[in-house]
Amino acid sequence: MEAQTKQRTTSKRNADQSSKANRPAPQKEQYSVPQIQMLEIGLVSPDPTQPRKTLDEQSLNHLAQSIAEHGVLQPITVRKSDDGYIIIMGERRFRASKLAGLSTIPAMIREYTGSEILEVQIIENLQRKDVEPTEEAEAIQFLLDRYEPVEIAKRLGRSENFIRQRIKLAGLIEGFKAFVRNGEMTLSLGVAVALFEPGEQQMLLESLEGKFQEHRIKRMIESRTFDLTKASFDVTDKTLLPKAGACVACPFNAANQGNLFGEGKMVCTRTSCFENKKTKTFLQLLKRVKKEGLKLVPNINKYWVDEERNQWVMAQMEKEGLEVHLTNEFEILKEPVEPTMKSIKEEHRHYEYTEEELAEFLDEALESFTEEKEAWDKAVENGFEKGILLETDTYLTQSIFVKVREETNNGSSGAKSLEERKMAECSPEEQIIKIHARELRKKQIENNHQFKEVVDMIRETDYINRNKPLTTDEMVAISISLFENNIGYYSQREHFEGFIGEDSKLSREELVARFKQNFKKEAFYKLIRFLLTRQVHLGESNHTNDMTNQSFYVAMLSFYKDKISAIEETYVESRQKREARIKERVVALEQQAKAIED
């Protein structure tokens, strides 16, 4: 295998230098077996360009003890230099031999070209078990210039997925590599960070202010990754951004990088590319809407007009010559989806309802569906026209029917221009609208001050010292607070889908009231247990040196004692075998020490 790989390497090099003829002599030398010679250890020196940067001191001392007792069992490989020999393979054996006090060392003298020396050294280092992961990643990245990942995997006896993970890890900037080297950052988290471009990694690193914060890094990763199954564009489209190509084949798609976010889960990790594709799709949509004469309705109500992203969307629509209308100006019909018992159970899965109660919910939902379907089918007859509802954050679209509300059909040029006009420039009807809008804003500001004053007052009382069980209202408040502030986007979707419920027709007060009405303590318990499993400390912390971990370990024993015991037994068995070997070694060393004294 080694000879075949070198043949492939030579072939690649000759292909780059087409003017050179094939040279059979070096091929023949690769198959020759050099003789083992005993070299004076003082004539041998390490290669200063050796890619391996770290050697475990404890492991080196153990090897030195073995060499002192049994000698060097495998010769090192060297090449001649002007003043002696330079090590190609076997620096660890060489250093251990010096520690053992040997004056000579067995060696094979071979001739290599400069590029061959580095390649052989890298492969020899990678075949060891104690290579530091970031060094291993950099070495594999070097081999990538010569071989495909599948070839590297075969040569090193590793899986292709392992090689691809290490290739990604090589893209980690130095600051994060330090976290990996000192054991603070896990390899999986390091690989997740490495999926981002160096500039984005640097911004992440600077925001940490020199301290490793696992939860913060994970949250930042979540905010910079995008679920491609929910993209507003076709992920198979190669022409949307020709240089980037299709998302399904992109190296920044986690599904093509070792399934980092789950088997086959397509998650984009290149923010700039995703945003560019999203924006280009939106601009194409504007042209299509104009060409087909459709009504485009951005999902913006009058209270959110001033948000930056909404302002940009409206500006692009006006630039394209499209009228800007807000959702509160229209009656909007969305195509209804027929409910099923499965969808009803999914909607209420956090609550314990009987089959009879669920059947009642289904009947109510079917009645509503029938009414909505009839309205949808007769939309054109009732004065509606076809339109497209646009989500301004994701640019996802939905086919709808729209009709201008009668109360706003007064000849005004739209909500945006109305807000820009002065009161004297408005009609009496428009002045009424502006007066109401100003009053709503004043109420919002008053509510802000009122809430802050209430919170400040509560904090000054002895509320936290109350020795009574939590009320339902308190558990509702805690549940919503934990869900909103402590559970990431993907965890919400995976474990708590529909937990609070989403209904654009309901206000926040109505959503909270509905959540309270349907509240079950089991939902509260699930939140607490989920957070309990996520708040443990990993890395250098464990169940013997950390109070959080110790309390978690004890708590889990009451639920999974047999499974935990099975895991413990495997470690106990391994530990006992290791301690037995150590005991034998210590006894042997004590005997040696005693013999030396005698």
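Check the entry above for the structure.
Predicted, not measured: the structure shown is a model, and the values here were computed from it.

The next point concerns the packing of helix H8 (residues 160-169) against helix H10 (residues 187-194). For any two helices packed against each other, one specifies the crossing angle of their axes together with the interaxial distance. The N-to-C vectors of H8 and H10 enclose an angle of 60°; their axes lie 8 Å apart at closest approach. Taken together, the axes of H8 and H10 are oblique relative to one another. Remark: the crossing between H8 and H10 carries left-handed chirality. Contact with H8, carried on its side by Gln 165, Arg 166, Lys 168 and Leu 169, involves Leu 187, Gly 190, Val 191 and Ala 194 of H10 and no other residues of that element. Residue composition of the contact of H8 with H10, grouped by class: four nonpolar, two polar and two charged.

Turning our attention to a nonpolar patch on the surface. Together, Val 454, Met 457, Ile 458, Tyr 463 and Ile 464 line one region of the surface with nonpolar side chains, adding up to about 490 Å² of accessible area. Assignment of secondary structure puts Tyr 463 in the loop between helix H18 (428-460) and helix H19 (472-486). Using a relative accessible area of 39% as the deciding quantity, one classes Tyr 463 as partly exposed.

The subject of this paragraph is the state of the cysteines. Throughout this description, disulfide means a covalent bond between two cysteine sulfur atoms. Applying the stated criterion to the full structure yields zero disulfides. For the unlinked cysteine Cys 247, the closest cysteine sulfur is that of Cys 273, found at 6.2 Å.

Below, the discussion takes up the sheet that holds strand E9 (residues 330-334). One open sheet holds the four strands; their spatial order is E8-E10-E11-E9, and the pairing between them is mixed. Here the strands that pair on one side only, and so sit at the sheet edges, are strand E8 (295-298) and E9. When strand polarity is set aside, the average angle formed by the axes of neighbouring strands in this sheet is 40°. Running over the sheet, helix H13 (residues 271-292) touches E8, strand E10 (385-390) and strand E11 (397-404) and is turned about 170° from E10.

Moving on, we come to the sheet that holds strand E1 (residues 36-40). With mixed pairing, the five strands of this open sheet are ordered in space as E1-E5-E3-E4-E2. Strands at the two margins of the open sheet, each flanked by one partner only, are E1 and strand E2 (44-45). Sheet topology places strand E3 (residues 76-81) next to strand E5 (residues 104-109); three bridges connect them, and they run parallel. What sits directly across from Thr 77, in E5, is Met 108. Seen against the sheet, helix H4 (residues 91-99) touches E2, E3, strand E4 (84-89) and E5 and runs at an angle of roughly 125° to E4.

Right, let's get into the packing of aromatic side chains. Geometrically, a pair of aromatic rings is defined through the distance of the ring centres and the angle of the planes. This model, assessed by the stated rule, comprises 15 aromatic pairs. Where Phe 226 meets Phe 274, the ring centres are 4.3 Å apart and the plane angle is 5°; that geometry is what we call stacked. Here Phe 274 lies in helix H13 and Phe 226 lies in strand E6 (residues 226-227), a separation of 48 residues in the sequence. Take Phe 226: its relative accessible area is 15%, and that puts it in the buried class. You can call Phe 274 buried: its relative accessible area is 8%. Residues Trp 376 and Phe 401 carry aromatic rings whose centres are separated by 4.7 Å and whose planes lie at 65° to one another, so their mutual orientation is edge-to-face. Here Phe 401 lies in strand E11 and Trp 376 lies in helix H16 (residues 355-377), a separation of 25 residues in the sequence. The buried category is assigned to Trp 376, whose relative accessible area is 13%. By relative accessible area, which is 10% here, Phe 401 ends up buried. Grouping aromatic residues by their ring pairs yields a cluster made of Phe 483, Phe 496, Phe 499, Phe 515, Phe 519 and Phe 530. A cation over an aromatic ring shows up here: Lys 278 above the ring of Tyr 395, its NZ or CZ 5.1 Å from the ring centre.

Conventions and cut-offs
- Residues numbered from 1 in each chain as written.
- Predicted model: local features only at pLDDT ≥ 70, side-chain atom pairs only at ≥ 80, totals over all residues.
- Heavy atoms only, no water.
- Axes fitted to C-alpha atoms, helices over the stretch in contact; angles between N-to-C directions.
- Helix = DSSP H or I, 4+ residues; strand = E, 2+ residues; numbered from the N terminus.
- Parallel < 35°, antiparallel > 145°, perpendicular 65-115°, else oblique.
- Left-handed = near helix turned anticlockwise from the far one by under 90°.
- Contact = heavy atoms within 4.5 Å.
- Nonpolar A, V, L, I, M, F, W, Y, C, P; charged D, E, K, R; others polar.
- Patch = residues over 30% accessible without salt bridge, like charges linked within 9 Å, V, L, I, M, F, W, Y side chains within 5 Å.
- Areas by Shrake-Rupley, 256 points an atom, 1.4 Å probe, with all protein chains shown as cover.
- Salt bridge = Lys/Arg side-chain N within 4 Å of Asp/Glu carboxyl O.
- Buried < 20%, exposed > 50% of the residue type's maximum accessible area, 1.4 Å probe, protein only.
- Disulfide = S-S within 2.5 Å.
- Pairing = 2+ DSSP bridges.
- Phe/Tyr/Trp six-rings, centres within 6.5 Å; stacked < 30°, edge-to-face > 60°.
- Lys NZ or Arg CZ within 6 Å of the ring centre and 35° of its normal.

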